[in-house]
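# Coordinate inspection notes
Here are the chains, one letter per residue:
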Amino acid sequence: MPPSEPDRRSAVVMAATQGLGRACAHALAEAGHRLTVCGRDPARLDEAVRELSAHGTAVAGERADVSQAEQVERLVAGAVERFGRLDVLVVNAGGPPPGDFGDVGPEQWDAAYRLTLRSAVTAIGAALPAMRAGGFGRIVVIGSSSVRRPLGGLVLSNVFRPALAGLVKSLAVDLAAEGITVNMVSPGRIDTERVRALDARTAERTGGTAAQVRAASERSIPAGRYGRPEELAAAVRFLASEEAGYLTGQSLLVDGGLVPTLP
Ligand SMILES: NC(=O)c1ccc[n+]([C@@H]2O[C@H](COP(=O)([O-])OP(=O)(O)OC[C@H]3O[C@@H](n4cnc5c(N)ncnc54)[C@H](OP(=O)(O)O)[C@@H]3O)[C@@H](O)[C@H]2O)c1
């Protein structure tokens, strides 16, 4: 028998109007969670809410820029108020802009901190009281393969994602006794708008085409292809489940074998 509405778990998925966040929202909706999702673009947000609602679970869309702390606090508070509980938080954000050290000035460093690291700190801080009250919590942070190996031309990601990994490990230890798990799922190269834009940028710089860049990139992946967003979302869905309760502080790569480092 499906759970009654107050018994249904509630999940917040940040930055979920396309790409990985949206795929995670689909996976959690399929698993029966009531959802609160956010993004900045109102048209994309409406479309995502419409599409997610087809799973038959309650879905709320909030317009929020996750680099703005008060908007993140409002997003999480709204979810708790709307559904009376918060069980799952998927921490996600848009990617920081590409660039090497010499391309990035103080303003970009500050903006990347607010987008990638502070958004996570704020969202988790806002979510914890409701998770503690329910004696259950699943926090899953979307990272990047840069947590294991720095990526060329993405210095902001290379600096702030490992910081997120440190946050995940610290919190996992602090929260394990309260039934709250904290894990990280990191994409290698998953086929989304972000990856297509990065490929197009590389093509512009190297004088090739985006298709050539992609083909070369796929040759470097042992699986021989880019991943699909739902392949990453499947890992997030499992980590958000009841069954994953003894799994915390882990950092999982979903990368088709791309990064050959030990954990
Ligand atoms: N795809 C990959 O293979 C890959 C690899 C490594 C790391 N990542 C990281 O994983 C995250 C998600 O990537 P993706 O590939 O799904 O990116 P994407 O296709 O560009 O989608 C980003 C999503 O985040 C939303 N968003 C962006 N900035 C936001 C903000 N400030 N506040 C609220 N929502 C925001 C976008 O909607 P709006 O623009 O409407 O706000 C959109 O829904 C990024 O941080 C990316 O760097 C991805």
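Anyway, here's the lowdown on the structure attached to this text. Because the structure is predicted, anything quoted here is derived from the model rather than measured. (Residues numbered from 1 in each chain as written. Predicted model: local features only at pLDDT ≥ 70, side-chain atom pairs only at ≥ 80, totals over all residues. Heavy atoms only, no water.)

### Considerations on the environment of S146
- Looking at the element boundaries, S146 is found in the loop between β5 (137-142) and α5 (155-175).
- The sequence separation of S146 and S157 amounts to eleven residues, and the corresponding C-alpha distance is 6.8 Å.
- Residues within four places of S146 in sequence aside, it is in contact with L151, S157, N158, R161 and P162. (Helix = DSSP H or I, 4+ residues; strand = E, 2+ residues; numbered from the N terminus. Contact = heavy atoms within 4.5 Å.)

### A closer look at the side chain of S217
- Mapped onto the elements, S217 comes out in helix α7 (residues 210-219).
- Of the residues examined, S217 reaches a relative accessible area of 12% and is grouped as buried.
- With residues up to four places along the chain from it excluded, the contact list for S217 reads R189 and Y226. (Buried < 20%, exposed > 50% of the residue type's maximum accessible area, 1.4 Å probe, protein only.)

### So, the site of the ligand
- Near the ligand lie 29 residues; those nearest to it are T17, L20, R161, I190 and T192.
- With respect to the ligand, the backbone of V66 contributes an N or O atom lying 2.8 Å from a nitrogen atom.
- One of the backbone N or O atoms of G94 is found 3.4 Å from an oxygen atom in the ligand.
- Surface burial for the ligand is 93%, taken as the share of its 880 Å² of free accessible area covered by protein chains.
- At the level of secondary structure, the elements contributing two or more residues to the shell around the ligand comprise α1 (19-30) and α6 (193-206).
- At three residues, the largest contribution of residues to the shell around the ligand is made by α6.
- When its residues are assigned to classes, the shell around the ligand shows ten nonpolar, eleven polar and eight charged.
- Both domains that furnish three or more residues to the shell around the ligand are identified here as domain 1 (5-189 + 228-254) and domain 2 (191-226). (Near = heavy atom within 4 Å. Polar contact = N/O pair within 3.5 Å; in protein donor to acceptor, adjacent residues only side chain to side chain. Areas by Shrake-Rupley, 256 points an atom, 1.4 Å probe, with all protein chains shown as cover. Nonpolar A, V, L, I, M, F, W, Y, C, P; charged D, E, K, R; others polar. Domains from an automatic or database assignment.)

### Let's talk about the sheet that holds strand β3 (residues 59-63)
- Across the sheet, which stays open at both edges, the seven strands sit in the order β3-β2-β1-β4-β5-β6-β7 with parallel pairing between neighbours. In this open sheet, the two edge strands, each paired with only one partner strand, are β3 and β7 (251-254). Across the sheet, the mean angle from the axis of one strand to that of its neighbour is 15°, orientation sign disregarded.
- Strand contacts of α1: β1 (10-13), β2 (34-39), β4 (88-91), β5 and β6 (180-187), with the helix running at about 170° to β1, the strand carrying the most contacts.
- Docked against the sheet, helix α4 (residues 106-134) engages β4, β5 and β6, running at close to 175° with respect to β4. (Pairing = 2+ DSSP bridges. Axes fitted to C-alpha atoms, helices over the stretch in contact; angles between N-to-C directions.)

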